[in-house]
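# Fold and contact review
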Amino acid sequence: MTEKETNLLAVFEDRIHELMKICDGRKRRIGELETLCGDKDLQIREAKQTIASLQSKYANMLAARSLAENKDGFGDVRKRVDKLVREVETCIELLKE
């Protein structure tokens, strides 16, 4: 091999090593981003559960408020409570199956 070819081979090897370092860095970054994405997904699921819980509490609060403010609306509240009880009973029946 000539000196020129040897120099070209050395430059090629150096560039390959640099490319491998860049590739390894990108792989690490991808791993970090995947971890971050998983953490964000978990936070979103927790936030959705919190929202659902708060919506349920809000609906119950509205029913209680309506009962407290308007004695004539007692029938509406009673219907809502009966509906909720039926939904719970349906869920229990589905769980038994």
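Heads up: these notes are all about the structure in this document. (Residues numbered from 1 in each chain as written. Predicted model: local features only at pLDDT ≥ 70, side-chain atom pairs only at ≥ 80, totals over all residues. Heavy atoms only, no water.)

### What to know about the overall build of the protein
Looking only at helices and strands, the protein has two helices and zero strands in total. Here the protein holds 97 residues, and the buried ones make up 3% of them. Total accessible area computed for the protein in this model is approximately 9100 Å², and 59% of it derives from carbon and sulfur atoms. (Helix = DSSP H or I, 4+ residues; strand = E, 2+ residues; numbered from the N terminus. Buried < 20%, exposed > 50% of the residue type's maximum accessible area, 1.4 Å probe, protein only. Areas by Shrake-Rupley, 256 points an atom, 1.4 Å probe, with all protein chains shown as cover.)

### Here we look at a nonpolar patch on the surface
A contiguous nonpolar patch, built from Met1, Leu9, Phe12, Ile16, Leu19 and Met20 and spanning about 650 Å² of accessible area, is present on the exposed surface. Along the chain, the position of Met20 falls in helix α1 (residues 3-69). (Patch = residues over 30% accessible without salt bridge, like charges linked within 9 Å, V, L, I, M, F, W, Y side chains within 5 Å. Salt bridge = Lys/Arg side-chain N within 4 Å of Asp/Glu carboxyl O.)

### Some thoughts on the environment of Ala64
Turning to its location among the elements, Ala64 is positioned in helix α1. Spatially, the C-alpha atoms of Ala64 and Val77 are 7.9 Å apart, while their sequence positions differ by 13 residues.

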